[in-house]
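Single-letter residue listing:
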Amino acid sequence: MTQTKQPSLLNRGDEACQILKNHLEKENIVRIISHNDADGISAAGVVANAISQENGQFHISIVPRLKDSFIQKLVRERYQLFFFCDMGSAYLDSISRIKGDVIIADHHQPMDFEINSNITHVNPHLFGVDGSREVSASGVTYLSVRGMNKQSLAGMALAGAFGDMQYYDGFLGINKFILEEGVKHGSVEVHQDLKIASKNEEPLYKSLAYTFNPVLPGLSGDLEKSMEFLEKMGISYGIKFSDLGSEEKDILKDELIHINPEIFSDSYSNPKESPSLRNIEDYSRILDACGKNKKYGLGMSICLGEKNDALEVALDLQRKYRQNLVDGLNWIKREGSIEMENIQYLYADKKPRKSVMGTISSIALSMETLNPSLPLLAFSRMDNMVKISSRTTSIMVKKGVDLGKALKDASSSFGGTGGGHDIAAGAMISYKEMDNFVNLVDDIIGHQLQR
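Remember, predicted model here, so these are calculated numbers, not experimental data. (Residues numbered from 1 in each chain as written. Predicted model: local features only at pLDDT ≥ 70, side-chain atom pairs only at ≥ 80, totals over all residues. Heavy atoms only, no water.)

Caption draft 1: Spotlight on the pairing of strand 2 (residues 58-63). Strand direction decides the pairing type here: strand 1 (residues 30-35) and strand 2, joined by 6 bridges, are parallel. Each residue of the ladder has a partner; that of I32, found in strand 2, is I60. A crossover links strand 1 with its parallel partner strand 2, the connecting element being helix 2 (residues 38-53), and its sense is right-handed. (Pairing = 2+ DSSP bridges. Helix = DSSP H or I, 4+ residues; strand = E, 2+ residues; numbered from the N terminus. Right-handed = clockwise from strand over helix to strand, strands pointing away.)

Caption draft 2: Geometry of unusual backbone geometry. Look at the link from N213 to P214: it is a cis peptide, with omega at 5 degrees. Looking at where P214 falls in the secondary structure, it is placed in the loop between helix 8 (204-209) and helix 9 (223-232). Non-glycine residue N55 carries a positive phi angle of around 60 degrees. Structurally, N55 is set in the loop between helix 2 and strand 2. Located in the positive-phi region is E368, a residue other than glycine, with phi close to 60 degrees. In this structure, E368 sits in the loop between helix 16 (357-366) and strand 10 (376-382).

Caption draft 3: Summary view of the pairing of strand 3 (residues 81-85). Within strand 3, 5 of the 5 residues are buried, leaving the element largely enclosed by the surrounding structure. Neither face of strand 3 is open: one carries L81, F83 and C85, the other F82 and F84, and all of them are buried. Pairing of strand 1 with strand 3 involves 5 bridges; the strand directions are parallel. Note that in strand 3 the partner of I33 across the bridge is F84. Sheet topology note: the strand 3/strand 4 (residues 101-105) ladder contains 5 bridges and is parallel. Residue pairing in the sheet places L81 in a bridge with D101 of strand 4. (Buried < 20%, exposed > 50% of the residue type's maximum accessible area, 1.4 Å probe, protein only.)

Caption draft 4: Spatial organisation of a negative patch on the surface. A cluster of acidic residues, E247, D250, D254 and E255, forms a negative patch on the protein surface. In this structure, D250 sits in helix 10 (residues 246-259). (Patch = residues over 30% accessible without salt bridge, like charges linked within 9 Å, V, L, I, M, F, W, Y side chains within 5 Å. Areas by Shrake-Rupley, 256 points an atom, 1.4 Å probe, with all protein chains shown as cover. Salt bridge = Lys/Arg side-chain N within 4 Å of Asp/Glu carboxyl O. Lys, Arg positive; Asp, Glu negative; His and termini not counted. Charge placed at Lys NZ, Arg CZ, Asp CG, Glu CD.)

Caption draft 5: Fine view of the sheet that holds strand 10. Strand order in the open sheet formed by 6 strands is 8-9-10-11-13-12, with mixed pairing between adjacent strands. The strands lining the two open edges of the sheet, one partner per strand, are strand 8 (338-339) and strand 12 (417-420). Summarising the sheet, strand 12 and strand 13 (residues 424-430) pair through 4 bridges and their orientation is antiparallel. Bridge assignment links G419 to a residue of strand 13, and that residue is G426. This element, helix 16, spans strand 9 (344-348), strand 10 and strand 11 (385-391) of the sheet and lies at about 160 degrees to strand 10. Packing against the sheet, helix 19 (residues 434-450) makes contact with strand 9, strand 10, strand 11 and strand 13, and its axis sits at approximately 165 degrees to strand 10. (Contact = heavy atoms within 4.5 Å. Axes fitted to C-alpha atoms, helices over the stretch in contact; angles between N-to-C directions.)

Caption draft 6: Up close: the packing of aromatic side chains. Per the stated rule, a full pass over the model turns up 11 aromatic pairs. Geometrically, the ring pair formed by F162 and Y167 is tilted, given 5.3 Å between the ring centres and 35 degrees between the ring planes. A residue is classified by how much of its surface remains accessible, and Y167, at 13% relative accessible area, is buried. Consider the rings of F162 and F171, whose centres lie 5.2 Å apart with planes at 70 degrees: the pair is edge-to-face. For F162, a relative accessible area of 8% puts it in the buried group. The class for F171 is buried, based on a relative accessible area of 7%. Here the aromatic cluster, defined as three or more aromatic residues joined through ring pairs, consists of F162, Y167, F171 and Y268. (Phe/Tyr/Trp six-rings, centres within 6.5 Å; stacked < 30°, edge-to-face > 60°.)

Fair warning: the whole summary comes from geometry, so function is off the table for now.
Rendered as structure tokens:
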């Protein structure tokens, strides 16, 4: 990110913040609409906390996608300010029918549309900043509230960046800027640590098996292998990492670094959070589990500080979600994918598997359980429709793959909807068009790679 890009996006965020501030001073209730994944819930959490800290009021809807029928409902609502998080940039034409003021804090590719003066559009792509790597929706939302001295929310903004897989052995661009603000304010701390999952909550063998970022080849997704690995070292697999002695921690650290050096690196925490939520990556995973299980209110309760009972329920959801991941990865190991010339794909119609298709696709590519040189499409049957989650690697993106564009173009050819980032995207089409869709995406990716 160059210095010429950053101020423009920051200034647009400040404009949005001033509009928000004006409405709060008038005691207007803010209508918040956000996406249902970890980034969207974090983004909604950022703006909701900012409003609460100013003694304002809000009404939130967390939705999987913007439908025209839903936007039409919003048009009839009499709120003075509508705040869209992690969505909206692709629906500028529909949103323009809303009469009140509108703030869109999104990081997806925007549609080419001349917006009305009542819409403040905060989107990195408008300023040459990469929204798939340098800032997530929660980060864009943070830029839209930080003008009211909300640096205490930097950790929550980074949780969304983790949720959207924007951590690349460090943060880039605006994410790095948010991190630096958080560290300066004391709301984020950085220290070197083992990056194993839920090490304060889970038995050690589960912590290892549930560690997918970074992956531990031979351990990630495999509970039995994780048990065996610990037994060989003479470490009790049922103990929590936090209960190990210092010598045992050192032995484990050395062995894990041997498997993947990235497992011991910078760890990010919010010192003001409760122990289960202090690690920002763990916080992100908990919100992701809430989103995947359609418990959006639970995720928002955690963001707004209503912990206790809500946190226990969320941790239980996370355990079940992780077990679904393990089961899904075992399914991929057994069945593999269907390979075409330029892509590969999976198909699921069983309920637990459908909710984790995007995540297990990413993990299977990073673990090289599936061929990482072929972009992956994961299809989930939804009655007479099919939902598509697509993933690829940064190496394939460098070679020319843009999944967001491929899925947008292919889905529109069959009356569906689609889009997203170059490395991860989604779509929804009619089930009967699935074979035609696969063939068209294969052709499109082939053309992208030939450029």
